[in-house]
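Understanding the architecture of this molecule
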Amino acid sequence: MAALLLMATLLLRHTASFTPPLRSARRLSILSSPFVAAASHNPSNVAQCQTRSLSWSHKMTSAAAGSLEVAQFGCLSDNYGYLIHNPKTGETAAVDTPDAAAYKEELSKRGWTLTHILNTHHHHDHVGGNAELKADGVKVYGPAADGNIPGMDVPLKDGDSVSFSGANAVVIDVGGHTLGHIAYYFPAEKTAFVGDSLFALGCGRMFEGTPEQFWASLQRLRDLPDDTTIYCAHEYTESNARFALSVEPGNPDLVKRAEEIKAKRARGEPTVPSLLGVEKLTNPFLRGDVSAEIRKNVGASEGEDGAAIFHKIRLGKDNF
């Protein structure tokens with residue numbers, strides 16, 4: 001019931017509208033993971049072309065910035081691209097750049113001009129479009145401690161602030177997936193863009209960090225208010241739900257959410273964004289220290305700390 005109330009809050013605050021495909025030739029099945037059924041039968045460039053025909057709109061609202069629009073659209077095989085736009089000033093920020101062509105198409109479709117790029121980490125499916133998108137006047141922000149961010153103008157660290165069109169984002173260190181991964185948290189707008197640190201019902205693989213580092217990062221995100229809207233970078237939720245049910249099948253909020261996710265994906269709808277309060281109730285990577293059922297099912301022994309329990313959950317997902 002708690003999860004349902006939180007989801008209702010998300011729907012009321014972030015009413016999403018579907019933007020129809022640009023060309024009818026692209027209207028292929030979107031019933032299989034993550035965006036298009038045809039992707040498994042056609043070259044990757046065809047799948048990319050099809051995913052870019054789908055986009056959704058959300059709102060970020062505060063007294064200072066007014067109403068900002070968030071465009072969400074498919075990139076590559078399972079990434080989401082995001083553009084934050086202020087209709088009054090015309091400024092537009094890209095959150096990561098998985099695929100320059102997808103971003104250019106979305107910008108053109110909406111009549112927006114890119115002014116900022118906010119990178120979360122150095123992986124190619126997050127910075128691959130930087131060089132092509134960085135035209136005159138586009139400023140690139142990114143993590144100072146996370147390898148090579150192409151074209152970076154402003155290196156950022158934990159606690160820094162980024163001002164965008166009247167809105168202010170607080171930079172949060174969420175290292176673990178990569179060493180210097182950061183998230184952009186807009187407290188007034190109750191919104192966070194978290195890259196690959198936290199997913200709906202999951203978290204990123206631990207490629208570079210340590211369990212202690214990653215767990216501390218997830219705790220920093222978990223400490224944000226329940227009504228924070230979380231935008232993650234991939235459509236992994238249906239597979240994440242299967243793993244979550246394997247380690248906490250007795251969680252009624254999770255069971256209900258998994259059913260809703262399955263229905264959404266069957267309709268070709270995104271499961272992102274989500275509310276942090278829902279993640280706290282259902283995401284196993286945020287619940288290892290509060291759920292005896294999870295600890296038992298991942299083989300955590302009495303007295304193990306949160307980082308050790310998280311590591312067992314992460315290893316379980318890696319081998320699921």
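Predicted model, so just to flag it, every value in this text is computed and none were measured. (Residues numbered from 1 in each chain as written. Predicted model: local features only at pLDDT ≥ 70, side-chain atom pairs only at ≥ 80, totals over all residues. Heavy atoms only, no water.)

Things to note about the overall build of the chain
Going by this rule: Under the DSSP-based scheme used, a helix requires at least four consecutive residues in state H or I and a strand at least two consecutive residues in state E, with every element numbered from the N terminus. Each residue is placed in one exposure class: buried if its accessible area under a 1.4 Å probe, protein chains only, is under 20% of its type's maximum, exposed if it is over 50%, and partly exposed if it falls in between. For accessible areas, the Shrake-Rupley method is used with a probe of radius 1.4 Å. Any residue's cover is judged against the shown protein chains and nothing else.
Summing up its helical and strand segments, the chain has 11 helices and 16 strands in all. Scored against the burial criterion, the 320 residues of the chain give a buried share of 56%. Element-wise, carbon and sulfur atoms account for 55% of the exposed surface of the chain, whose accessible area totals about 12,800 Å².

Brief notes about the layout of surface pockets
This is how the line gets drawn: Grid points spaced at 1 Å and placed over the protein atoms alone form the basis of the search, with a cavity being a set where a 1.4 Å probe fits but cannot get out and a pocket an open set showing protein on both sides within 12 Å along at least five of seven lines. Lining residues have an atom within 4 Å of a point. Grid points are joined across faces, edges and corners, and a volume is the space filled by probe spheres set on the points. For this classification, Asp, Glu, Lys and Arg are treated as charged, while Ala, Val, Leu, Ile, Met, Phe, Trp, Tyr, Cys and Pro are nonpolar and the rest, including Gly, are polar.
When its volume is computed, the second largest pocket comes out at roughly 230 Å³. Mapped by element, the contributors of at least two residues to the lining of the second largest pocket are β14 (202-203), α7 (237-247) and α11 (306-318). Its residues placed into classes, the lining of the second largest pocket shows 5 nonpolar, 7 polar and 5 charged.

Observations concerning the nonpolar core
To keep things clear, this is the line we draw: Grouping buried Ala, Val, Leu, Ile, Met, Phe, Trp, Tyr and Cys residues that are joined through side-chain atoms within 4.5 Å yields what is termed a nonpolar core. Between two residues, a contact is recorded if the distance between any of their heavy atoms is within 4.5 Å.
Grouped together as the largest cluster of nonpolar side chains are 54 residues, with contacts concentrated most on Ile84, Tyr184, Phe193 and Leu218. In terms of residue count, the dominant contributor to this core is strand β11 (residues 182-186) (5 residues). In contact with phenylalanine 193, other than residues within four places in its own chain, are Met60, Val70, Tyr82, Ile84, Val95, Thr120, Ala183, Tyr184, Phe186 and Tyr231.

What to know about the pattern of salt bridges
Any two side chains of opposite charge can pair, given that their charged atoms come close. To keep it simple, the criterion reads: We count a salt bridge whenever a side-chain nitrogen from Lys or Arg sits within 4 Å of a carboxyl oxygen from Asp or Glu.
Under the criterion given, the structure shown has 17 salt bridges. A salt bridge links arginine 110 to glutamate 69; the nearest nitrogen and oxygen atoms lie 3.1 Å apart. Placement of the pair is arginine 110 in helix α3 (residues 100-110) and glutamate 69 in strand β3 (residues 66-75), with a sequence separation of 41 residues. You'll find arginine 110 and glutamate 69 in the same group, each marked buried. Where lysine 312 meets glutamate 304, a salt bridge forms, and the shortest distance between an N and an O atom there is 2.8 Å. Bridged by salt links that share partners, the residues Glu69, Glu106, Lys109 and Arg110 form one connected network.

Section: the sheet that holds β11
Adjacent strands of a sheet pair through backbone hydrogen bonds, lying either parallel or antiparallel. The cut-off we apply is this: Paired strands, as defined in this entry, are two strands with at least two bridges between them according to DSSP. Helix axes use the C-alpha atoms of the stretch in contact, all axes being lines fitted to C-alpha atoms, and the angles between their N-to-C directions lie in the range 0 to 180 degrees.
Spatial ordering of the open sheet is given by β9-β10-β11-β12-β15-β16, a layout of 6 strands whose pairing is mixed. Both edges of this open sheet fall to β9 (161-164) and β16 (274-275), since each of them pairs with a single strand only. Where strand β12 (residues 191-195) meets strand β15 (residues 229-232), 4 bridges bridge the pair, whose relative direction is parallel. Bridging from a neighbouring strand, glycine 195 pairs with cysteine 232 of β15. Its contacts with the sheet place helix α6 (residues 211-222) against β10 (167-173), β11 and β12, and it is angled at close to 150° to β10.

Describing empty space enclosed by the protein
Counted by the stated rule, this structure contains 2 cavities of 30 Å³ or more. The space that makes up the largest cavity amounts to roughly 60 Å³. Contributing to the lining of the largest cavity are Asn79, Tyr80, Tyr82, Val95, Asp96, Pro98, Thr120, His126, Gly195, Tyr231, Cys232 and Ala233. When residues of the lining of the largest cavity are traced back to their parent elements, those giving at least two are β4 (79-85) and β15. For the lining of the largest cavity, the element with the highest residue contribution is β4, accounting for 3 residues. For the lining of the largest cavity, a count of residues per class yields 7 nonpolar, 4 polar and 1 charged.

Quick notes on the confidence of the model for the chain
We count it as follows: Scored between 0 and 100, pLDDT is the confidence that the predictor attaches to each residue.
Residue-level pLDDT values for the chain average 87, and 83% of them are 70 or greater. Note on residues 14-52: pLDDT under 50 across the span, and 74 contacts to partners over four residues away in sequence or across chains.

What to know about the packing of aromatic side chains
Counted only if it meets this: In this analysis, rings of Phe, Tyr and Trp, with Trp reduced to its six-membered ring, are considered paired at centre separations within 6.5 Å, and the interplanar angle assigns stacked below 30 degrees, edge-to-face beyond 60, and tilted for intermediate values.
Counting across every chain of the model gives 12 aromatic pairs. Between the aromatic rings of tyrosine 82 and tyrosine 231, the centroid separation amounts to 5.2 Å while the plane-to-plane angle is 75°, which identifies the pairing as edge-to-face. With a gap of 149 residues between them, tyrosine 82 in strand β4 and tyrosine 231 in strand β15 connect regions that are remote in the sequence. We note that tyrosine 82, like tyrosine 231, is buried. Residues phenylalanine 243 and phenylalanine 320 carry aromatic rings whose centres are separated by 5.4 Å and whose planes lie at 75° to one another, so their mutual orientation is edge-to-face. With phenylalanine 243 in helix α7 and phenylalanine 320 in the segment after α11, this pair connects stretches of sequence that are 77 residues apart. Connected via pairs of aromatic rings, a cluster forms that spans Phe214, Trp215, Phe243, Phe285, Phe310 and Phe320.

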